[in-house]
Amino acid sequence: MNIHFTPDEQAFREEVRAFLKQNLPADLAEKVRLGRRLAKTDHQRWQAILDAQGWYAVNWPVEYGGTGWSVVQKHIFDEECSLAGAPRVVSFGVNMVAPVIMKFGNQVQKEYYLPRILSGEDWWCQGYSEPGAGSDLAGLKTRAEKDGDHYVVNGQKTWTTLGQHANKIFCLVRTDPAAKKQEGISFLLMDMDSPGITVRPIITLDGEHEVNEVFFDNVRVPAENLVGEENKGWTCAKYLLTHERTGQAGIGLSKAALDQLKRIASAETVHGKPLINDPMFRARIAEVEMRLMAVEMSTLRILAATRGGGVPGAESSLLKIQGSEIRQAITNLMRKALGPSALPFLEQELEPEFEGEPLHEDYSAAPASQYFNMRKLSIYGGSNEIQKNIIAKMVLEL
Amino acid sequence: MDFDLNEEQQMLADTVQRLVRNTYSFEQREAFYQSPEGYSPEFWRQLSELGMTSVPIGADYEGFGGGGVENMLVMQELGRALCLEPYLHSQIYGAGLVEQLGSAEQRQRILPRVASGELQLSVADEEAGSHYHPDSLACTAMPCDRGWRLQGSKRVVIGGETAGMILVTARISDTDGVTVFLVDPAADGVLVTGYPCIDGPRACDLTLDGVYVESDDLLGKPGKARAAIAYQRGRAMAAQCAEALGSMEEAFRLTLDYLKTRQQFGTPIGRFQSLQHRMAEMRGELELARSMVILAACVADDPDSDERTRRLAAAKFVVARASQFIAEQSIQLHGGIGMTWEYSLAHHAKRLVMLTHQFGDDDYHQQTFAELMSVA
């Protein structure tokens, strides 16, 4: 029993670090560190750099142009990228729809879609949640009716993250309304510029345009855009959710956030002394750091257990809960660290192109917004309450 | 990175588990608790026969030479059955101090007898005002003809009544250097006041009134024991975290069984979502604790460093928080039956909470971690 990475894994970490040092643009890292919003071009820039290195599709096997990395290598890569301040890779194409196409898609679909994801030609978004289908995802109502060699889609999706940038959407649609809940659902791919699709922004409580509503009004979708069998889409959905949940503990992101919290608490002063030397505040930071250490160890245990190719089971539900709670705790402390300076709502300072003088410190504008934004962590990807239901059912057999 | 046990470790775990299962039912434990020793000398003898008392002792002293992982495996099983024997304080903490501080002669004289289970050690390092800080001592040692005289009092010495030798910490008079003395409990001037602790094991207070200790019975150099005490407390803490894990696992198991069998409103109470979620939260805390127990076991024998201290403090913190949460919630989910002396769950709850009163509680270790925390 030992907790150390192998020499090969350590060498890999050094390689990733050297790559990031060389190739991660400083202005991008700065934006990420300060919690500014990222433009579509920021994401695309970073994706192109990763793609040039062959490190964009970290979850893909080599035959499709992926890295073929082990779960441990992926963890190391993710952690180093987060610590360096690299923009988070937008998952919907490369890490969500791609595994589904690889697993359930036909040859034509694989050959058409996968290279376009790799090259950045396609930007995917996810059409899962609906106004009436959140935690109860299988209650979705968006209809797809067969009409010759097309499906005609009517309905509405919501919480579609970065849908405003996307040219493609993968959707769960109901193809058999008579069947039992989970059994009449299909997995369908669509072009966002299809006639009848309308995207409407949802502005979240922090003023950000991150999510959207997507409306479908008699949208004609070629039948060949169906992935897997008709009415078997729930299988794809569940498969995708296991991928979505893996790595959701977000250890790297929490570590990066903790670093930033310590920077802020060192720069802020109370009675002329750094806030981080205030015993009460310092103890609160210590608490989250210790808990983060425990969640990291749990993550490593799951990695070690799945190293041979296994899929993490319901344990990943625990990590999702614990990881999200820790990140929320860190953003809570970051906001508190600012004191009254957390109050000004300076949206212009958060914009990707902001280059002016900040009203207060360069780090002051984001934390309160981020704190509110991060409430999403315990809601999305299966709310933390849903995760507890899963644990009760699958692990505890209650 | 490897979280699997090797064959030898698996055998060790199986051996302790089997012995504990056969010997230490809850009813038997209650009888051991009521006995004069407050534990089972017979069980201690069995531990010794199977070589279990020798696990933490170095191979040079007729020990098994086990490390943090081996200690973890033994302590987890002892914790699962709420064993009352002073294994941790004698075989791990006490023996560790002798091994680290003692001269070659002292080690050869003492450790083989400890490894065989013949001699029990006990550590007297807490006082009225020490409050988990082993440096904060009022007990003093005055040099005298060919030896030392100890003056002061010690509190809550676990296993002190049955120990053949007590390791007493004291300040050399007029200095703040800490020293460990080997004290014979039967020596003149030693007054032992024994009592049971609320979680089961027995302990005692010591009054030391001019107790004479020969020069040969001072461990290490006078006034230089501070670092060794801190280091050995770290090893003991790691092992104690494993003990808590064993107890948490058992409390969790009992509670889960109860939720599946107890019927109210015409259905097992485990069908109710508020209880399911509480149980899921307990499972979450249990897994975090398990992760930190493994981390602690893996770093317990590392050379002394801030990183080791930080990790051990974090382990104790996370395990203490989990222990208290699981203790309180297990009682709550059981309802009235969880409050009764006759049901083992209540004793797990007591043990889990009271373990945090040794080697520092969650607040103590949060402070330790905060002081040593690296700042960007």
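Residues numbered from 1 in each chain as written. Chains lettered and ligands numbered in written order. Predicted model: local features only at pLDDT ≥ 70, side-chain atom pairs only at ≥ 80, totals over all residues. Heavy atoms only, no water.

> What's the story with the overall build of chain B in this structure? I'm lost.
The helix and strand tally for chain B stands at eleven helices and ten strands. Overall size of chain B, expressed as C-alpha extent along the three principal axes, is 80 × 55 × 40 Å. For chain B, the proportion of contacts with a sequence separation of at least 24, taken over those separated by at least 6, is 74%. Of the roughly 14800 Å² of accessible surface on chain B, a fraction of 49% belongs to carbon and sulfur atoms. (Helix = DSSP H or I, 4+ residues; strand = E, 2+ residues; numbered from the N terminus. Contact = heavy atoms within 4.5 Å. Areas by Shrake-Rupley, 256 points an atom, 1.4 Å probe, with all protein chains shown as cover.)

> Would you mind going over the overall build of chain A with me for this structure?
If you tally the helices and strands in chain A, you get 13 helices and ten strands. Against the compact-globule benchmark of 21 Å for 398 residues, chain A has a radius of gyration of 22 Å, which places it among compact chains. For chain A, the spread of C-alpha atoms along the three principal axes comes to 75 × 50 × 50 Å. Within chain A, buried positions represent 54% of all 398 residues. (Rg over C-alpha atoms; globule rule 2.2 N^0.38 Å. Buried < 20%, exposed > 50% of the residue type's maximum accessible area, 1.4 Å probe, protein only.)

> Honestly, unusual backbone geometry in this entry has me stumped. Any pointers?
Most of the time, phi is negative for any residue but glycine, and the peptide bond is trans. Unlike most non-glycine residues, Asn218 of chain A shows phi in positive territory, near 50 degrees. For Asn218 of chain A, the location among the structural elements is in strand 7 (residues 209–222). Non-glycine residue Val156 of chain B carries a positive phi angle of around 45 degrees. Position of Val156 of chain B relative to the elements: it lies in strand 3 (residues 147–158). We classify Val156 of chain B as partly exposed; its relative accessible area is 41%.

> Any chance you could explain the pairing of strand 1 (residues 124–127) of chain A here in plain terms?
The side chains of a regular strand alternate, residue by residue, between the two faces of the sheet. Residue and element names in this part refer to chain A. Burial of strand 1 is two-sided: the residues Trp124 and Gln126 facing one way and the residues Cys125 and Gly127 facing the other way are all buried. Here strand 1 runs beside strand 4 (residues 168–174); their pairing, made up of four bridges, is parallel. Note that in strand 4 the partner of Trp124 across the bridge is Lys168. (Pairing = 2+ DSSP bridges.)

> What should I look at first to understand the interface of chain A and chain B in this one?
How big an interface is tends to be stated in terms of the accessible area lost upon association of its parts. In this complex, chain A contributes 40 residues to the contact, which on the side of chain B involves 47 residues. For the pair chain A and chain B, the summed buried area comes to about 4000 Å², and 68% of that belongs to carbon and sulfur atoms. Three residues, Met1, Met290 and Leu398 of chain A, lead the burial of chain A against chain B; their summed loss comes to 22% of the area buried on that side. At the boundary of chain A and chain B, one finds four salt bridges. The partner of Glu287 of chain B in a salt bridge is Arg301 of chain A, with the nearest N and O atoms 2.9 Å apart. Linking chain A to chain B there are 18 residue pairs in polar contact (both at pLDDT 80 or more). Contributions of two or more residues to the side of chain A that touches chain B are made by helix 8 (251–267), helix 9 (279–306), helix 10 (315–337) and helix 13 (384–395) of chain A. When residues in the side of chain A that touches chain B are grouped by element, the largest group, 17 residues, is from helix 9 of chain A. (Buried area = accessible area lost by both parts, 1.4 Å probe. Salt bridge = Lys/Arg side-chain N within 4 Å of Asp/Glu carboxyl O. Polar contact = N/O pair within 3.5 Å; in protein donor to acceptor, adjacent residues only side chain to side chain.)

> Even after reading the chapter, I still don't get the domain arrangement of chain A, so can you show me in this structure?
All names here are of chain A. Examined at the domain level, chain A breaks down into domain 1 (7–89), domain 2 (105–231) and domain 3 (248–346 + 356–396). Contact residues are listed per partner, giving eleven residues for domain 1 and eleven residues for domain 2. Summed over both partners, the interface of domain 1 with domain 2 comes to about 1000 Å²; 62% of that surface belongs to carbon and sulfur atoms. Counting every contact that joins domain 1 to domain 2 gives two residue pairs in polar contact (both at pLDDT 80 or more). Each residue belonging to the side of domain 1 that touches domain 2 can be placed in one class, and the counts come to four nonpolar, four polar and three charged. (Domains from an automatic or database assignment. Nonpolar A, V, L, I, M, F, W, Y, C, P; charged D, E, K, R; others polar.)

> How should I be thinking about the domain arrangement of chain B in this particular structure?
Residues and elements named next belong to chain B. Per the domain assignment, the segments making up chain B are domain 1 (7–118), domain 2 (122–219) and domain 3 (226–375). Between domain 2 and domain 3, the C-alpha centre-to-centre distance is 30 Å. Between domain 2 and domain 3, the contact holds 14 residues from the first and 13 residues from the second. Buried area between domain 2 and domain 3, summed over both chains or domains, comes out near 1300 Å², and the portion from carbon and sulfur atoms is 54%. When residues of domain 2 are sorted by the area they lose upon contact with domain 3, Tyr132, Ile198 and Asp199 head the list and together hold 50% of the total. At the boundary of domain 2 with domain 3, the tally comes to four salt bridges. A salt bridge links Arg233 to Glu126; its shortest N-O distance comes to 3.7 Å. Our count for the contact surface shared by domain 2 and domain 3 stands at seven residue pairs in polar contact (both at pLDDT 80 or more).

> Would you take a moment to explain helix 9 of chain A for this structure?
Structural remark: α-helix, 3.6 residues per turn; residues separated by three or four positions point the same way. Between its first and last C-alpha, helix 9 of chain A extends 40 Å over 28 residues, near the 40 Å set by a 1.5 Å rise per residue. The buried count for helix 9 of chain A comes to 22 of 28 residues, which makes it a mostly enclosed element. (Expected span 1.5 Å × (residues − 1).)

> Would you mind showing me how to read empty space enclosed by the protein here?
Any empty space left between the atoms is revealed when a probe the size of a water molecule rolls over them. Residue and element names in this part refer to chain A. Considering all chains together, one arrives at six cavities of 30 Å³ or more under this definition. Volume-wise, the largest cavity comes out at about 180 Å³. Around the largest cavity, the lining comprises 15 residues; the ones closest to its centre are Gln47, Tyr56, Val89, Val90 and Trp123. Looking at the lining of the largest cavity, the elements that each hand over two or more residues are helix 3 (40–53) and helix 5 (91–104). In terms of residue count, helix 3 provides more of the lining of the largest cavity than any other element does, four residues in total. (1 Å grid on protein atoms, 1.4 Å probe; cavity = no way out; pocket = protein on both sides within 12 Å on 5 of 7 lines; lining within 4 Å. Points joined across faces, edges and corners; volume = space filled by probe spheres on them.)

> How should the packing of helix 8 of chain A against helix 9 of chain A be read in this particular structure?
In helix packing, the relevant descriptors are the interaxial angle and the interaxial distance, both defined with respect to the helix axes. Residues and elements named next belong to chain A. Interaxial distance between helix 8 and helix 9 falls to 11 Å at its minimum, and their mutual angle equals 165 degrees. Classed by the angle they form, the pair helix 8 and helix 9 counts as roughly antiparallel. Every pair of crossing elements has a handedness; the one defined by helix 8 and helix 9 is left-handed. Here Ile251, Ser254, Lys255, Leu258, Leu261, Lys262 and Ala265 of helix 8 lie close against helix 9, whose contacting residues are Phe281, Ile285, Val288, Glu289, Leu292, Val295, Glu296 and Thr299. (Axes fitted to C-alpha atoms, helices over the stretch in contact; angles between N-to-C directions. Parallel < 35°, antiparallel > 145°, perpendicular 65-115°, else oblique. Left-handed = near helix turned anticlockwise from the far one by under 90°.)

> Honestly, the pattern of salt bridges in this entry has me stumped. Any pointers?
Charged atoms that come close allow side chains of opposite charge to pair. In this structure the tally under the stated criterion is 50 salt bridges over all chains. Taken together, the salt bridges that share partners define one network made up of Arg13, Glu14, Arg17, Glu79, Glu80, Lys255 and Glu296 of chain A.

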